[in-house]
Amino acid sequence: MADRLIDLEESATHTGPKGVINDWRRFKLESMDQENLPPAKRELLRQMSSPHRQREDSRMSVQEYELLKEEDEGCLKKYRKRCMQEMHDKLSFGPKFEGVHDLDSGEAFLEVIEKEHHSTVVVVHIYKAGVKGCEELNNCLECLAAEYPTVKFCRIDAVASGASERFSDEVLPTLLVYKAGELLGNFLACTQHLTGEFFATDVEAFLNSYGLLPEKEMPALDDEEENNVE
């Protein structure tokens, strides 16, 4: 964690006015079709791309400005997208997951709790086929798994868990929430806290009311969305 914080601090230092200009300059130069430029502009690009120049001088000449402002709108969008992705990557801790993971035994249940990354929130649904609300909750968790890729959503049949006497039909569906091996939430017959007909947003709101879900991932912009950015 300390190393990641140091990386973020260094990034903040390098994104001051001088760092931003040099970073933008490099990005712009890399994105330009230099082969089709007039000789005078190619020479200016050569001077601008000098490592010594970029280290020591953050000022922009009139000639540079005239060159860099060409087709700036499209290039600026691409630059903004890259910066947002880099920041997102730096602030994303821990592994990512897809879908809801099926656990087939009590041993698998204990393993996911004890061995998962310490920053990962683990949500386990204990269910039983035919018990009211279990199938609906499974469907809701599938939706939430797509919205929260850093959360590990799991489900296990009460019988397969080896603790069916503890998880009788009366307490199902049950949601258990863990982080770093610690039980943060224990919700027996959790659908009693929801409306008769509930949806993923209802389950999300319920978990958020206890502060159990992290902030949502920032969605990546596709090319069409990026073109619509003002």
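Scope of this entry: the structure provided in the associated data block. (Residues numbered from 1 in each chain as written. Predicted model: local features only at pLDDT ≥ 70, side-chain atom pairs only at ≥ 80, totals over all residues. Heavy atoms only, no water.)

**Considerations on the overall build of the chain**
The cut-off we apply is this: Segments assigned H or I by DSSP are reported as helices when at least four residues long, segments assigned E as strands when at least two residues long, and all are numbered from the N terminus. Exposure classes here rest on a 1.4 Å probe applied to the protein chains alone. A residue is buried below 20% of its type maximum, exposed above 50%, and partly exposed in between. Contact between two residues is taken to exist if any of their heavy atoms lie within 4.5 Å; hydrogens are not considered. Residue exposure ignores everything except the shown protein chains as possible cover, and the areas themselves are Shrake-Rupley values with a 1.4 Å probe.
Scanning the chain for helices and strands turns up 10 helices and 5 strands. Burial statistics for the chain: of 230 residues in total, 37% are counted as buried. Taking the contacts inside the chain whose residues are at least 6 apart along the sequence as the reference set, 70% of them involve residues at least 24 apart. Total accessible area on the chain stands at roughly 14,200 Å², and carbon and sulfur atoms take up 52% of it.

**A short note on helix H9 (residues 200–209)**
Heads up, the condition is: It is the directions from the helix axis to the C-beta atoms whose arc is reported.
The complete set of buried residues in H9 reads Ala200, Val203, Glu204, Phe206 and Leu207. Here the buried residues of H9 occupy an arc of 160 degrees about the axis, which is enough to place them on one side. Set apart from the buried face of H9 by more than 90 degrees, the exposed residues are Thr201 and Ser209. Of the surrounding elements, those touching the buried residues of H9 are helix H8 (134–147), strand E4 (174–179) and strand E5 (182–187).

**Observations regarding helix H7 (residues 106–115)**
For H7, the full list of buried residues reads Gly106, Phe109, Val112 and Ile113. In an axial view of H7, the angular spread of the buried residues amounts to 130 degrees, which keeps them on one side of the axis. Facing away from the buried side of H7 by more than 90 degrees, the exposed set consists of Glu107, Glu114 and Lys115.

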